[in-house]
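# Commentary on secondary and tertiary structure
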Amino acid sequence: MSIAATAARDLHTDLDATAIPGLTRAAGVGLLTVLLLLTLLFIVVAMRRLTAEYFERRRAVLIAQTRPSILQVLAGDGPDPESWARLSEVSAKVWRASEPGVVALLGKVRGGPREALVDLLNQRGTLARARRDLRSHSAIRRCRAVEMLGAAGDGGSVPVLLPLLADRQPEVRQVATRALGKIGDQAAAGPLLEAVAGPHPVPPREVSAAIVVLERAADAPVMLTASESSDSRVRSVAAEVLGLRGAMVAAEVLVHLLLHDESVEVRIRAARALGRLGVPMALKPLHASLTAPSPELRAVAARSLGQVGGRESVIALVGCMDDQAHRVCVNAAESLTALGDPGRQALRVIANGRSSRAAAYAVEALALDALGRRQLERVGI
Amino acid sequence: MTELEHALSWWLVVGLGWGMIVYFLLINTSFLILTFLAGAEFISHVRRSAFRGYDELFSSALTPPVSILMPAYNESTGIVEAVRAMTALRYPEYEVIVIDDGSTDETLEVLTRAFDLVEVPKVVPAEVATRGAVEAVHMSTQGARNVVVVRKANGGKSDALNTGINLARYPLVCMVDADSVLDPDALLHVTKPFADDPEHVVATGGVIRAANGCRVRAGRVVDVLMPRPWLARIQVVEYLRAFLIGRTGWSRVGALLIISGAFGLFRRDLVVQAGGLADDCIGEDAELVVRLHRRLAELGRDYRIVFVAEPVAWTEVPESREVLGKQRRRWQRGITEILLRHRRMVGNPRYGLVGVLAMPWFVLFEVLAPFIELAGVVYLAVILGIAGLHDAGLIGFDVDTTLALLLLAAAWGYAVLLTLAALALEEFSFRRYRRRRDLWVAVLAAVVENVGYRQLTAWWRVSGTVQALRSTPPEWGTMTRKGFTNVDAGAAEAGQRVQTGTRGPSA
């Protein structure tokens, strides 16, 4: 007889599963638990919905008390004394409900109304609280505080915001980066650049975007110094920013980066920046980059040549219409149309000529050029 | 009854019963863990949403441009509105590439009329292999050059997407269904992880929600409402639990296996390197994700695939049993095929948590689940049947129904609990269904789901797995859909609309 059969005989005289001790109780407890939890969850969902609706209604009522005054502040060039007094005197409860709306408005208005809102936030102690919250243990509070100070353009808080570029929480670092960009203090450009390469780095895109927003930062020596940094991420950002800010004084530096930098990423950004600057001195280095090993660099160089212009690029661009990389051919052909009649003429010759591959790109570019002109005609340009 | 028969019967009743109870406890507990993970993610997401910097992302010249790929097969009814909605997304630089996969209706003609398309002799590179030849590429003469329509021979959805990838100009490709309705900021949100962590993020997926019953205006969901048919209502809560909660949970632990083809964003260069989408696999979207996991892990790359819980792509869910059955068979077949194709990854620590956790979980709790589910139904029927017959005095032996009750609690009670937990999370985070009545309907749907719907879908899923194992020809074809309730278009939109599936006659 099998062990199973013996065990079964020992335990049962019937197929009565209750022979397992406590099974009935377990089933009862299990079912009861599930039912209880279901009821509890239902109550939680219902309560959440009811309380959320209640608080939404309550908030709407509270906000309605300040809305007319805020609109009057926004409508005028300076603070209307009556509205100002009303907003200064509303209860803490009403202000708490209205505050997020006021902060959100900061990014949408300029001039006198904006200054009035900042004054209001100062008077209500919102900005002072935000400065205190910069030292909070909660990353959320730090972020909220930084965001508020940035939106208010609070120049006085720059020294306390700078250390947050190395905060342990990535979102705090990013919010601090954006806030420093909005505040626009050029003193932040150097630390922002360093933040790209720190032990807790900030995404280069965030840093570039912030520095581009900083007034005249691209003309500052700090950008040119950054282009000599030993860290390629810093050099990349410097190249990007110099191009975006149209810093003509940087053309030589960018040419040097394009020709000699060891990082392909930096060279690509330098090529792109030179295209944006559109300076003739970029032509030769860009021509040289058309034969670089990196297809992405070749593609960017081809596009930049179209942006710089000049008929001397026609031959160079025609030369890379047979490139193995699709994007290089497309950009070269598009750039030829951007060079005007000499470029278009070259494309027509290629379209009727030797290489079927190059001809296809030439035909495409000419068709897109015609389409572009048709689109411009439609809008009356 | 002999002792041996007695013992066998005992093991069949008690052993099998306990086996299934343990199985359901495990599967539901794993979902509970995913729910907790998703909860943590939602809390983090909602608390941080105010300072994510979406406005800065929108206004920045450095935001990575995106190519939106819309495969379309016989979409003449809704394609114009869909493309218009895509061109109105809030995003700095993007193009919309519609791939007409050999439609037999007027898809191309209506697009040509609406956007003044002209044929352009565009060079389409063959970076990814395709089957259906490109017949023509059209571009709009209106506005910027950001609407491209490519007409190709029918080759299926994967082939259409691969053609779109070849045509894409930008470094990120976003795959959307032609009948998906995106929230205005959807593209900004799914791109954010790429902008924040460009070195590591390789793909992001957006959440899919059921659009049935919702009001749509100018290609935007303006009023989120519960649909009327119960079949659709159940899918609303099912999508909430399975897509929103499940995928967010997996993403939280870095083991997301599925990004829906209805809304997914990928790095183009990596998709090209991986060979594009597989055209011999039904679940091409998930297969691509698994292939990326596999390839990048084998290359020793540090990478992230991220699920973005908000905002969303809205899609119409089937309202008929026939259409739903086809869909579920296809999904299950897709998952089974993917797991078979990449079986080397299952349990393999080389692939990290994807290998040792996610893929075994999918084998145990996605592929096997419908079989156990149906076995549970049979088991319950047998036990309750025997008990009933005994009570009626028709047979001499009895069984204890306690186990059956425990099984019900472990399988269905626990499942309702999980769905309610998902609803609770939704209430505490996004609260998209604003009408109170819709919430009660959702609660009821969480219960009703277990009676009939669950068993039906289990049956279809079993059938899908069997099809995959037997390698039978895939079940494609078109499926009619009702279209959204359009506030502006009214009756015109309420007409029948054809589904996105791009497998046409050739497949």
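Residues numbered from 1 in each chain as written. Chains lettered and ligands numbered in written order. Predicted model: local features only at pLDDT ≥ 70, side-chain atom pairs only at ≥ 80, totals over all residues.

To continue, consider the overall build of chain A. Scanning chain A for helices and strands turns up 21 helices and zero strands. For 381 residues, the compact-globule estimate of 2.2 N^0.38 gives 21 Å, and chain A exceeds it by more than 25% at 33 Å. Structurally, chain A occupies a C-alpha span of about 95 × 90 × 50 Å along its principal axes. Counting all 381 residues of chain A, 40% fall into the buried class. Looking at chain A alone, contacts between residues at least 24 apart form 63% of all its contacts between residues at least 6 apart. (Helix = DSSP H or I, 4+ residues; strand = E, 2+ residues; numbered from the N terminus. Rg over C-alpha atoms; globule rule 2.2 N^0.38 Å. Buried ≥ 20, exposed ≤ 12 C-beta atoms within 10 Å, placed from the backbone. Contact = placed C-beta atoms within 7 Å.)

With that settled, consider helix 9 (residues 284-298) of chain B. All names here are of chain B. If you check helix 9, its first and last C-alpha atoms are 21 Å apart, about what 15 residues at 1.5 Å a residue would give, namely 21 Å. The buried fraction of helix 9 is high, at twelve of 15 residues. Among the residues making up helix 9, those that are buried are Glu-284, Asp-285, Ala-286, Glu-287, Leu-288, Val-289, Val-290, Arg-291, Leu-292, His-293, Arg-294 and Leu-296. Downstream of helix 9 by one or two residues, Gly-300 has phi in the positive range, about 75 degrees. (Expected span 1.5 Å × (residues − 1).)

Ranked by size, the top nonpolar core spans 153 residues in total, and within it B:Leu69, B:Met70, B:Ile97, B:Leu257 and B:Ala442 carry the most contacts. Tallying contributions element by element places helix 13 (residues 402-428) of chain B first for this core, with 20 residues. In contact with B:Leu257, other than residues within four places in its own chain, are B:Trp250, B:Ala286, B:Val289, B:Val290, B:Val354, B:Ala358 and B:Phe362. One finds A:Leu192, A:Leu286, A:Ala316 and A:Met321 within the second-largest nonpolar core, a separate group that totals 93 residues. (Core = buried A, V, L, I, M, F, W, Y, C linked by C-beta atoms within 7 Å.)

Attention now moves to unusual backbone geometry. All names here are of chain B. A positive phi angle is found at Ala-218, which is not glycine, with a value near 50 degrees. Looking at where Ala-218 falls in the secondary structure, it is placed in the loop between strand 9 (215-217) and strand 10 (220-223). Here the phi dihedral of Arg-431 falls at roughly 45 degrees; this positive angle occurs in a residue that is not glycine. Its location among the elements puts Arg-431 in the loop between helix 13 and helix 14 (436-470). You can call Arg-431 partly exposed: it has 15 C-beta atoms within 10 Å.

Right, let's talk about the confidence of the model for chain A for a bit. In the predicted model, chain A carries a mean pLDDT of 86, and the fraction of residues at 70 or more is 91%. Within the model, the stretch residues 1-15 of chain A combines pLDDT values under 50 with 24 contacts to residues more than four positions away or in other chains. (pLDDT = per-residue confidence, 0-100.)

For the rest of this paragraph, the subject is the interface of chain A and chain B. Residue-level contacts link 53 residues of chain A with 55 residues of chain B. For the side of chain A that touches chain B, the elements supplying multiple residues, two or more each, are helix 1 (3-11), helix 2 (23-75), helix 7 (139-151), helix 9 (170-183), helix 11 (204-213) and helix 21 (356-378) of chain A. A per-element tally of the side of chain A that touches chain B places helix 2 of chain A first, with 16 residues.

Residue and element names in this part refer to chain B. Tracing the backbone through its elements, the reader meets Glu-319 in the loop between strand 12 (304-315) and helix 10 (321-341). Take Glu-319: there are 20 C-beta atoms within 10 Å of it, and that puts it in the buried class. Sequence separation between Glu-319 and Arg-233 is 86 residues; the distance between their C-alpha atoms is 9.3 Å.

A few words on the pairing of strand 8 (residues 201-210) of chain B. Residues and elements named next belong to chain B. The element strand 8 is largely enclosed, with a buried count of nine among its ten residues. Pairing geometry for strand 8 and strand 12, over nine bridges, is parallel. Looking at strand 12, one finds that Ala-210 is bridged to Thr-315. Pairing between strand 8 and strand 11 (residues 263-267): three bridges, direction antiparallel. (Pairing = 2+ DSSP bridges.)

Residue and element names in this part refer to chain B. Taking burial as the measure, the eight residues of strand 2 (residues 94-101) include eight buried ones, the bulk of the element. Alternating positions in strand 2 separate into two faces, Tyr-94, Val-96, Val-98 and Asp-100 on one and Glu-95, Ile-97, Ile-99 and Asp-101 on the other, with burial throughout. With seven bridges joining them, strand 1 (residues 66-72) and strand 2 adopt parallel strand pairing. Pairing of Ile-68 across the sheet is with Val-96, part of strand 2. Taking the sense of rotation as the criterion, the β-α-β connection linking strand 1, helix 3 (residues 79-87) and strand 2 turns out right-handed. By the bridge criterion, six bridges tie strand 2 to strand 5 (residues 147-152) in an arrangement that is parallel. (Right-handed = clockwise from strand over helix to strand, strands pointing away.)

The subject of this paragraph is the sheet that holds strand 12 of chain B. All names here are of chain B. Spatial strand order, 3-4-5-2-1-6-11-8-12-7: ten strands in an open sheet with mixed pairing. Strands with a single pairing partner mark the edges of an open sheet, and in this sheet they are strand 3 (117-120) and strand 7 (181-182). Across the face of the sheet, helix 7 (residues 230-252) comes into contact with strand 8 and strand 12 while running at roughly 160 degrees to strand 8. Contacts from helix 9 reach strand 8, strand 11 and strand 12, with the element oriented near 155 degrees to strand 8. (Axes fitted to C-alpha atoms, helices over the stretch in contact; angles between N-to-C directions.)

Let us look at the environment of B:Val148. All names here are of chain B. With respect to the element layout, Val-148 can be found in strand 5. Judged by C-beta crowding, with 23 C-beta atoms within 10 Å, Val-148 ranks as buried. When the C-alpha positions of Val-148 and Arg-470 are compared, they lie 40 Å apart, and in sequence the two are 322 residues distant. Residues within four places of Val-148 in sequence aside, it is in contact with Glu-95, Ile-97, Val-137, Met-139 and Leu-167.

Below, the discussion takes up the packing of helix 17 (residues 295-308) of chain A against helix 19 (residues 326-338) of chain A. Residue and element names in this part refer to chain A. The geometry of helix 17 relative to helix 19 is characterised by a closest axis approach of 7 Å and an angle of 10 degrees between their N-to-C directions. Here helix 17 lies roughly parallel to helix 19, going by the angle between them. Contacts between helix 17 and helix 19 pair Pro-295, Arg-298, Ala-299, Ala-302, Arg-303, Leu-305 and Gly-306 from the former with Arg-327, Val-328, Asn-331, Ala-332, Glu-334, Ser-335 and Ala-338 from the latter. Residue composition of the contact of helix 17 with helix 19, grouped by class: seven nonpolar, three polar and four charged. (Parallel < 35°, antiparallel > 145°, perpendicular 65-115°, else oblique. Nonpolar A, V, L, I, M, F, W, Y, C, P; charged D, E, K, R; others polar.)

Now for the confidence of the model for chain B. All names here are of chain B. Confidence in the prediction for chain B averages 88 pLDDT; 92% of positions are at 70 or higher. Contacts of residues 489-507 to residues separated by more than four positions or lying in other chains number 52 contacts, the stretch itself having pLDDT below 50. Scored as a complex, the prediction yields pTM 0.88 and ipTM 0.85.

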